Amino acid sequence: MPKKVASQKHLTRQEKRDLDIEIGFLEGVVKRDPAYVDALQLLGDDYTKRGKYLAGLRIDENLADLRPRDPLVYYNLACSLCLTEQYQQAAEALEQAINLGYRDFKWLAQDPDLHELRKQPVYRRIRAKLRQMKVRVR
């Protein structure tokens with residue numbers, strides 16, 4: 001499963017055009033097969049890269065229904081929730097990702113998609129959980 005890339009990157013016009021073409025293609029694939037996980041993951045990532053955070057969130061929620069035991073699905077859901085300023089739900093999804101086995105703590109500590117979440121009081125709970133696991137994060 002691809003890892004979400006930072007959504008804050010500035011895109012050139014050509015990159016935007018390329019993403020729009022890919023999004024159109026993937027939307028067609030997903031329309032024909034709504035449970036095609038790989039296509040949904042790519043589409044969610046593309047929506048996020050394009051700044052279409054609500055569309056990306058809908059995809060990530062769908063993926064959480066399709067893959068309820070996948071830690072990366074919940075990590076990506078946390079990112080989408082954070083990008084749509086739903087910090088409490090983002091923290092819950094991030095905790096679920098950790099409970100399911102997400103362990104890329106270095107990326108978690110620097111992922112720009114989670115920047116605003118790390119400023120929220122609710123993030124203290126996650127930091128405490130990581131400390132309990134004896135993981136050092138910023």
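This text follows the structure it describes.
Given the structure is predicted, the values throughout are model-derived calculations rather than measurements.

Calculation rules
Counting restarts for each chain, with residues numbered from 1 along the sequence as it is written. A pLDDT threshold of at least 70 governs which residues receive local features in this predicted model, and a stricter bar of 80 or more applies before side-chain atom pairs are shown or counted, although totals over entire chains, interfaces and linings include all residues. The side-chain numbers reported here are obtained from all heavy atoms of the structure, hydrogens and water having been left aside. Helix and strand assignments follow DSSP, with helices taken as H or I runs no shorter than four residues and strands as E runs no shorter than two, numbered in order from the N terminus. Radius of gyration: over C-alpha atoms. The globule rule applied is 2.2 Å multiplied by the number of residues raised to the 0.38 power. With a 1.4 Å probe rolled over the protein chains alone, any residue whose accessible area is under 20% of its type maximum counts as buried; one over 50% counts as exposed, and the rest are partly exposed. Contacts were defined at the residue level, with two residues in contact if any of their heavy atoms lie within 4.5 Å. Residue exposure ignores everything except the shown protein chains as possible cover, and the areas themselves are Shrake-Rupley values with a 1.4 Å probe. The charge count includes Lys and Arg as positive and Asp and Glu as negative, but it does not include His or the ends of the chains. The atoms used to mark charge sites are NZ of Lys, CZ of Arg, CG of Asp and CD of Glu. Centre distance within 6.5 Å is the pairing criterion for rings of Phe, Tyr and Trp, where only the six-membered ring of Trp is used; planes under 30 degrees apart are then read as stacked, over 60 as edge-to-face, and the remainder as tilted.

Caption draft 1: The arrangement of the overall build of the protein chain in detail. A tally of helices and strands in the protein chain yields 8 helices and 0 strands. For the protein chain, the succession of helices and strands along the chain, N to C, is α-α-α-α-α-α-α-α. In terms of overall dimensions, the protein chain is globule-like: its C-alpha atoms have a radius of gyration of 15 Å, near the 14 Å expected for 138 residues. Considering only C-alpha atoms, the protein chain reaches an extent of 45 × 30 × 20 Å along its principal axes. Split into buried and exposed, the 138 residues of the protein chain put 46% on the buried side. Long-range pairs, those at least 24 residues apart, make up 62% of the contacts in the protein chain with a sequence separation of at least 6. When the accessible area of the protein chain is evaluated, it comes to approximately 7800 Å², of which 50% is carbon and sulfur surface. With 26 positive and 20 negative side-chain charges, the protein chain shows a separation of 7 Å between the mean positions of the two kinds.

Caption draft 2: Layout of the packing of aromatic side chains. What the rule picks out here adds up to 1 aromatic pair. Their ring planes at 10° and their centres at 4.4 Å tell us that Tyr 75 and Tyr 102 sit as a pair that is stacked. Of this pair, Tyr 75 sits in helix α4 (residues 71-83) while Tyr 102 is found in the loop between α5 (87-100) and α6 (105-110), placing the two residues 27 residues apart along the sequence. Neither residue differs from the other here; Tyr 75 and Tyr 102 are each classed as buried.

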